[in-house]
Amino acid sequence: MSLRLRHLTTLEHLPRESIERLLDRAVMLRDACAHGTRKLDQLAGRTVLNLFFEPSTRTRTSFELAARRLGADVINFDIGLSSTSKGEELFDTLHTLEAMHLDAIVVRHKQSGTPEELVRHAMSGVSVINAGDGNRAHPTQGLLDVLTIRQHRPDFSKLVVTICGDVEHSRVARSDVHALTALGAKEIRLCGPASLMPAAGELPQCQRFEDFDQAIAGADAVIMLRLQKERMSDTELPDETAYFRHFGLDKRRLAMAAKGCLVMHPGPLNRGIEIASEVADGAQSRILEQVGNGVFVRMAVLSEMLAR
Amino acid sequence: MSLRLRHLTTLEHLPRESIERLLDRAVMLRDACAHGTRKLDQLAGRTVLNLFFEPSTRTRTSFELAARRLGADVINFDIGLSSTSKGEELFDTLHTLEAMHLDAIVVRHKQSGTPEELVRHAMSGVSVINAGDGNRAHPTQGLLDVLTIRQHRPDFSKLVVTICGDVEHSRVARSDVHALTALGAKEIRLCGPASLMPAAGELPQCQRFEDFDQAIAGADAVIMLRLQKERMSDTELPDETAYFRHFGLDKRRLAMAAKGCLVMHPGPLNRGIEIASEVADGAQSRILEQVGNGVFVRMAVLSEMLAR
Amino acid sequence: MSLRLRHLTTLEHLPRESIERLLDRAVMLRDACAHGTRKLDQLAGRTVLNLFFEPSTRTRTSFELAARRLGADVINFDIGLSSTSKGEELFDTLHTLEAMHLDAIVVRHKQSGTPEELVRHAMSGVSVINAGDGNRAHPTQGLLDVLTIRQHRPDFSKLVVTICGDVEHSRVARSDVHALTALGAKEIRLCGPASLMPAAGELPQCQRFEDFDQAIAGADAVIMLRLQKERMSDTELPDETAYFRHFGLDKRRLAMAAKGCLVMHPGPLNRGIEIASEVADGAQSRILEQVGNGVFVRMAVLSEMLAR
């Protein structure tokens, strides 16, 4: 028996059973919605607060939709306009929000570790859900990625996944690796320019490649990462044409992967930089399926945490 | 039998029956609300997303109220804070939102034609509603204007309407002309400085005037347009005092119109530039009636599109 | 019998019965929520609009939560993005919002007196609630402060309260004084540097101190004010170290107050400037209780105004 989830800050060390239970719950919720149920009332009377210190309308909207479809109220705490501009400290904000009796705080912050700090300082029964912290973790993205893969390749013991691009700056890559590892994926390959790879020793369960042709050979799924220009200094920024030539996914490269290889990307796309439109919009693309699954995975997380 | 509306991007070529059906539905909804029903549940479980690339709290609020009064959930997709600042393309945003299973997207964009482009690229059952694109169309404003006129002057075959001001930059004027034309208005007059009139050949069903005294003579309704300073270059900007003298509506000019001539303006007002306060706040002003009708017209559009 | 509240712009001249009725209602609502009722439907179908011209996520969120827990819809009218940037006048905005049939407008504005101006210009049945205007009034803060005090010190005839800090720029201080006066507090003391005290003659019911040690001696509650740096000119700004030495609350000073003296602060805190962390986070601190009471007081105000 595994315990009910109280917070979700990272997938690292989350047991396989917990991840599978969340994925199963997401599938149940997707089925319920497919059969015409547009809105559930599991979370009626509950309040979820979006606390985004980095802008991200896509992820915020996905969480907002997930919460509302379960009947919860959603408050967007807009930090751009907030009293933090008056110097209020993060933990005072947390305690203030707790004192207002919120049920969950969905937090995104450019500083790695912020969600754990919130958990450590939380005084009440509030749940903290990480919507992305620095380059560290983006657990609901990891969950939606393995859910998308599982639909098409249910046997992870045979699964080869290639994650390509700016791995170092990618919290998506880290959460994907943790989820894939927990579910027993056969092989996880990381590929990217040496300057954009994580430090040696990090993610030891993965094989590393600098040659994308080698990395994609025989892969069942390829997860292309967004070049996070906004997190790089000018000198770190690669030349885009050269980047695409070496690390971009196009038809020619996709043909080297296993038949029917799933094409994935967390979005938003840099078309022509990390991925060619012919592939992003092609028959093997699962990118929009990922987006759809994102709402159901977030419903599953909120439901497990907050439903009575 | 006319088809149920799927999208609403412009009133041009919309058949008279469709427009009248929407107006009748707006009146029904207004009556329901007047009899104490504060909230309907026609759209329970539906989600409407406001996608505003141009700021407009008034129109956004009107759509938000309309959707909520029908029981729908509303998401404000705030572009200022959004991932488009990370270079995401419009159509990727559209497809991402579609993958989240939204029911309708209300879009405002400074580029004329954007709503049609969204319709062309939409892959799912989502409905697109134009809340104003460039200087091209603002269909719900056109509908609320003819609804307001119809309440007071039901016989359009005798109706003379004068539209005065910055016609060239006005999507309101174009949608008004299309709605009035469809409903068989007797005479539509456009008036403004030559530099702010649309190209010769556009809107051929209208008479054109440079002299406001002539244009307003005998009119049953006068629609004053907002001087769209924010869409003009510095050299286009007229001198405000001279503009008011030639094209502003005051008591003296209103007296030349037909008895009880309706005074209308889409808001927000530039008092003393296109309209004098004595007239904007006077007994013949229908400006706040327009605002009230705006909510009901938007309820009607959403209801026709999304109710089961 | 006292009349039902229609607007709430200030606590000045509000009769004791009205204040007590609001506090009693807040307690009832708090009890209802404590017994598991997460959401009431008193205000189903009602719409509350937040019209904040000054940023304040905390207060806005508190009002939003209060309204939603009563079943109302909430619209955030974001002025930063709004048509006021196109020059629309305040009263035109008011009338536009009224024409959309809103039930209450919660307004914050840096100009003292704005809420009263809205009340004067309102044409419909809309209720206006002041969420802070200039340095003049913040009535729901005053109510939540006396509610917090009443829980611990129910007999106001014996109550000594010290309000310390930047009294001149503080709407909180003024609303606190009015509430405490109405409820018959025995003694209200104001303390702060001469340059930050209100003009002689204002708040004549209070005693004034420049020495915080004297002001706090024997106090049952001490309300520390936020140094409103954002409302001061550079020359007005005190040196922070000196300020803390003279007017900051620390353990040593708190020991001079009556036993169990309540420590209060409207937030957000400037730690180390007006209050030491050892006291803000100490056993006598009621700061988070204030935040929690804030939601219930705002529910009480909305409920009295809008429930049928």
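Here the structure is a predicted model, which is why all the values come from computation and not from measurement.

Caption draft 1: View of the overall build of chain A. What chain A contains, in helices and strands, is eleven helices and nine strands. Against the globule reference of 19 Å for 308 residues, chain A gives a C-alpha radius of gyration of 19 Å, in line with a compact fold. When its C-alpha atoms are laid out on the principal axes, chain A stretches across 55 × 45 × 35 Å. Expressed as a percentage of its 308 residues, the buried residues of chain A come to 55%. Summarising the internal contacts of chain A: among those between residues at least 6 apart in sequence, 78% fall at separations of at least 24.

Caption draft 2: The pairing of strand S4 (residues 127–133) of chain B, seen in detail. Residues and elements named next belong to chain B. Within S4, seven of the seven residues are buried, leaving the element largely enclosed by the surrounding structure. Judged from the five bridges that link them, strand S3 (residues 104–109) and S4 form a sheet pairing that is parallel. Looking at the pairing, Ala 104 lines up with Ser 127 of S4.

Caption draft 3: Just the sheet that holds strand S8 (residues 221–224) of chain C, in detail. All names here are of chain C. Overall, parallel pairing links the five strands, which are arranged S7-S6-S5-S8-S9 in an open sheet. Every interior strand has two partners, whereas the edge strands, strand S7 (207–209) and strand S9 (262–264), have only one. Within this sheet the neighbouring strands show an average axis-to-axis angle of 20°, counted without direction. Where strand S6 (residues 187–191) and S7 come together, three bridges link them in parallel fashion.

Caption draft 4: Representation of the sheet that holds strand S8 (residues 221–224) of chain B. All names here are of chain B. Spatial strand order, S7-S6-S5-S8-S9: five strands in an open sheet with parallel pairing. Taken across any chain shown, the strands that pair with only one partner, and hence form the sheet edges, are strand S7 (207–209) and strand S9 (262–264). Along the sheet, successive strands turn relative to each other by an average axial angle of 20°, direction set aside.

Caption draft 5: Molecular detail of the nonpolar core. Formed by 284 residues in total, the largest nonpolar core has its most connected members in A:Val222, B:Val222 and C:Val222. The contact partners of A:Val222, leaving out residues within four places of it in the chain, are A:Thr162, A:Cys164, A:Ile216, A:Leu249, A:Ala257, A:Cys261, A:Val263 and A:Met264.

Caption draft 6: Main features of unusual backbone geometry. For the bond from A:Gly267 to A:Pro268, the omega torsion is -15°, close enough to zero to count as cis. With respect to the secondary-structure elements, A:Pro268 resides in the loop between strand S9 (262–264) and helix H10 (277–280). The residue A:His13 is not glycine, and still its phi comes out positive at about 70°. Inspection of the secondary structure assignment puts A:His13 in the segment before helix H1 (16–34). We classify A:His13 as exposed; it has 8 C-beta atoms within 10 Å. Phi at B:Leu203 takes a positive value of approximately 50°, unusual for a residue other than glycine. Position of B:Leu203 relative to the elements: it lies in the loop between strand S6 (187–191) and S7.

Caption draft 7: Layout of helix H3 (residues 90–99) of chain C. Where burial is concerned, most of H3(C) is hidden: eight out of the ten residues are buried. Residues C:Asp92, C:Thr93, C:Leu94, C:His95, C:Thr96, C:Leu97, C:Glu98 and C:Ala99 constitute the buried set of H3(C). Where the residues of H3(C) are buried, they touch helix H2 (57–69) and helix H11 (287–306) of chain B together with strand S1 (47–52), strand S3 (104–109) and helix H4 (114–121) of chain C. Residue C:His101 follows H3(C) closely and has a positive phi angle near 65°.

Caption draft 8: The relation of the copies chain B and chain A, seen in detail. Here chain B sits on chain A after a turn of 120° about the axis and a move of 0.0 Å along it, with an RMSD of 0.0 Å. Such a combination of rotation and displacement between the chain copies is what one expects of a three-fold axis.

Caption draft 9: Region of the structure containing the domain arrangement of chain A. Residue and element names in this part refer to chain A. Parsing chain A into structural domains produces domain 1 (16–137 + 292–306) and domain 2 (139–290). Centre-to-centre separation of domain 1 and domain 2, based on C-alpha positions: 26 Å. Counting residues per element, the ones that place at least two in the side of domain 1 that touches domain 2 are H1, strand S4 (127–133) and helix H11 (287–306). Considering each element in turn, the side of domain 1 that touches domain 2 owes the most residues, six residues, to H11. In terms of residue class, the side of domain 1 that touches domain 2 is built from eight nonpolar, seven polar and five charged.

Caption draft 10: Region of interest: the interface of chain B and chain A. Chain B puts 20 residues into the contact, and the matching count from chain A is 21 residues. When contributions to the side of chain B that touches chain A are tallied by element, the ones reaching two or more residues are strand S2 (73–78) and helix H3 (90–99) of chain B. Partitioning the side of chain B that touches chain A into residue classes produces six nonpolar, eight polar and six charged.

Caption draft 11: Quick look at the packing of helix H5 (residues 139–152) of chain B against H11(B). Residues and elements named next belong to chain B. The interhelical angle for the contact between H5 and H11, taken along N-to-C directions, is 120°, at an axis separation of 8 Å. Relative to H11, H5 is oriented oblique. Relative to H11, H5 is oriented so that their crossing is right-handed. For the pair H5 and H11, contact is made by Thr 140, Leu 143, Leu 144, Asp 145, Leu 147 and Thr 148 and by Glu 289, Gln 290, Asn 293, Gly 294, Val 297, Arg 298 and Val 301, respectively. Grouping the constituent residues of the contact of H5 with H11 by class yields five nonpolar, five polar and three charged.

Caption draft 12: Representation of the pairing of strand S1 (residues 47–52) of chain A. Residues and elements named next belong to chain A. For S1, a buried count of six out of six residues is recorded, marking the element as mostly surrounded by other parts of the structure. Relative to strand S3 (residues 104–109), S1 runs parallel, the two being bridged by five bridges. The residue bridging Leu 49 from the neighbouring strand is Ile 105, located in S3.

Caption draft 13: How the structure looks around the environment of B:Leu5. Residues and elements named next belong to chain B. Mapped onto the secondary structure, Leu 5 falls in the segment before helix H1 (16–34). Leu 5 gets classed as partly exposed once you count the C-beta atoms within 10 Å, which come to 16. For the pair formed by Leu 5 and Arg 150, sequence separation is 145 residues and the distance between their alpha carbons is 21 Å. Beyond its immediate stretch of four places on either side in the chain, Leu 5 contacts Ser 18, Glu 304 and Met 305.

Caption draft 14: Up close: the packing of H11(B) against H3(C). As a packed pair, H11(B) and H3(C) sit with axes 8 Å apart at the nearest point and diverge in direction by 45°. Comparing their axes, H3(C) and H11(B) come out oblique. For the pair H11(B) and H3(C), the crossing hand works out as right-handed. Together, B:Leu288, B:Val291 and B:Gly292 of H11(B) and C:His95, C:Thr96 and C:Ala99 of H3(C) make up the contact between the two elements.

Caption draft 15: Highlighting the environment of C:Gly71. Counting through the fold element by element, C:Gly71 comes out in the loop between helix H2 (57–69) and strand S2 (73–78). Each C-alpha atom of the pair C:Gly71 and C:Ile129 lies 18 Å from the other, and the pair is 58 residues apart in sequence.

The rules behind these values
Residues numbered from 1 in each chain as written. Chains lettered and ligands numbered in written order. Predicted model: local features only at pLDDT ≥ 70, side-chain atom pairs only at ≥ 80, totals over all residues. Helix = DSSP H or I, 4+ residues; strand = E, 2+ residues; numbered from the N terminus. Rg over C-alpha atoms; globule rule 2.2 N^0.38 Å. Buried ≥ 20, exposed ≤ 12 C-beta atoms within 10 Å, placed from the backbone. Contact = placed C-beta atoms within 7 Å. Pairing = 2+ DSSP bridges. Axes fitted to C-alpha atoms, helices over the stretch in contact; angles between N-to-C directions. Core = buried A, V, L, I, M, F, W, Y, C linked by C-beta atoms within 7 Å. Least-squares fit on C-alpha atoms with pLDDT ≥ 70 in both. Domains from an automatic or database assignment. Nonpolar A, V, L, I, M, F, W, Y, C, P; charged D, E, K, R; others polar. Parallel < 35°, antiparallel > 145°, perpendicular 65-115°, else oblique. Left-handed = near helix turned anticlockwise from the far one by under 90°.

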